[in-house]
Amino acid sequence: NDTGRVVELLRKYAQYENTEVFADFQLHSFTNISLDEPWSFYEELNPVSVHYEGGISLLGFAFGQGRNELSADQTGSVSRETPIWMALKWDSEPDLAVDFSISLRLHSEDGEVVLQQDATLWNPLHQPSSLWDPDEDIDTLVQFTVPRNITSGDYELRLVVYNAETLVPTVEIGVWEPEVVLANISIQDGE
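Reading the values: rules and limits
- Residues numbered from 1 in each chain as written.
- Predicted model: local features only at pLDDT ≥ 70, side-chain atom pairs only at ≥ 80, totals over all residues.
- Heavy atoms only, no water.
- Helix = DSSP H or I, 4+ residues; strand = E, 2+ residues; numbered from the N terminus.
- Buried < 20%, exposed > 50% of the residue type's maximum accessible area, 1.4 Å probe, protein only.
- Contact = heavy atoms within 4.5 Å.
- Lys, Arg positive; Asp, Glu negative; His and termini not counted.
- Charge placed at Lys NZ, Arg CZ, Asp CG, Glu CD.
- Pairing = 2+ DSSP bridges.
- Axes fitted to C-alpha atoms, helices over the stretch in contact; angles between N-to-C directions.
- Salt bridge = Lys/Arg side-chain N within 4 Å of Asp/Glu carboxyl O.
- Phe/Tyr/Trp six-rings, centres within 6.5 Å; stacked < 30°, edge-to-face > 60°.
- Lys NZ or Arg CZ within 6 Å of the ring centre and 35° of its normal.
- Patch = residues over 30% accessible without salt bridge, like charges linked within 9 Å, V, L, I, M, F, W, Y side chains within 5 Å.
- Areas by Shrake-Rupley, 256 points an atom, 1.4 Å probe, with all protein chains shown as cover.

A. Region of interest: the overall build of the chain. For the chain, the count of helices and strands is one helix and twelve strands. Element order for the chain, N to C, with α for helix and β for strand: α-β-β-β-β-β-β-β-β-β-β-β-β. Expressed as lengths along the three principal axes of its C-alpha atoms, the size of the chain is roughly 45 × 40 × 35 Å. The burial tally for the chain puts 42% of its 191 residues in the buried class. Across the chain, every contact between residues at least 6 apart in sequence was considered, and the portion connecting residues at least 24 apart equals 65%. Between the averaged position of the 9 positive side-chain charges in the chain and that of its 34 negative side-chain charges there is a distance of 7 Å.

B. A look at the sheet that holds strand S9 (residues 113-120). Strand order in the open sheet formed by five strands is S6-S12-S11-S8-S9, and the pairing between neighbours is mixed. Sheet topology places strand S6 (76-78) and S9 at the edges, where each strand pairs with a single neighbour. Sheet twist, expressed as the mean angle between neighbouring strand axes with direction ignored, is 30°.

C. Structural context of the pattern of salt bridges. Taken as a whole and judged by the stated rule, the model has four salt bridges. One salt bridge connects Arg158 with Glu156, and the closest N-O pair in it is separated by 2.8 Å. On the basis of relative accessibility, which here comes to 18%, the residue Arg158 falls in the buried class. Put simply, Glu179 and Arg158 hold a salt bridge, and the shortest N to O gap is 2.9 Å. One end of the pair, Glu179, is in strand S12 (residues 179-187); the other, Arg158, is in strand S11 (residues 153-163), with 21 residues separating them in the sequence. Judged by its relative accessible area of 28%, Glu179 falls in the partly exposed class. Here the residues in one salt-bridge network are Arg105, Glu156, Arg158 and Glu179, joined through shared partners.

D. A look at the packing of aromatic side chains. This model, assessed by the stated rule, comprises four aromatic pairs. Taking the centre distance of 5.2 Å and the plane angle of 5° together, the rings of Tyr13 and Trp39 count as stacked. With a gap of 26 residues between them, Tyr13 in helix H1 (residues 3-13) and Trp39 in the loop between strand S2 (26-31) and strand S3 (46-52) connect regions that are remote in the sequence. Taking relative accessible area as the criterion, Tyr13 reaches 5% and is therefore assigned buried. Exposure remark for Trp39: the relative accessible area of 34% places this residue in the partly exposed category. Taking 4.7 Å as the distance between ring centres and 20° as the angle between the ring planes, the aromatic pair formed by Phe22 and Phe25 counts as stacked. The residue whose ring lies beneath Arg11 is Tyr16, and the NZ or CZ to ring-centre distance is 4.3 Å.

E. Just a nonpolar patch on the surface, in detail. Together, Phe22, Phe25 and Leu27 give the surface a local cluster of nonpolar side chains, amounting to about 290 Å² of exposed area. Looking at the secondary structure, you find Phe22 in the loop between strand S1 (15-21) and S2.

See below:
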């Protein structure tokens, strides 16, 4: 039932035409669908090892726009008003009693938050983190768009993990900070 995943996969493996918005649904049109290779959200994870107080760990992530997967090792150039997808791989401890959410934040060079996208962490079966199987790594997908009013320049993409009920951020064990820098993003004129 997660239509966002289907649309993002189609953006990677087909040519986007347009979107029609109706009262109760949206109609996304694509052409030239490629069936030549297995469909996947990412080719390769950027491995990370972020262990959070509260029993959840970030093992890796991948992100991009459409077919283009971006590397966390280089500054990735992104377009405005085109959805950016981010896949995050998680591990959880047994008997995790907390439903976690995340906040993806785009910070300008002077540290100002210019974009924030929050999402509850759901596994592919649409279960919150308290229901995850601790023996299974979980992939989650988040989408966000850089609006036109954000100026060109270089930004940091940071992640905050927090308790969905209390809204209190959890911190990285040993670092005791709630924010983790995932990648650098460049927004250029003309995009």
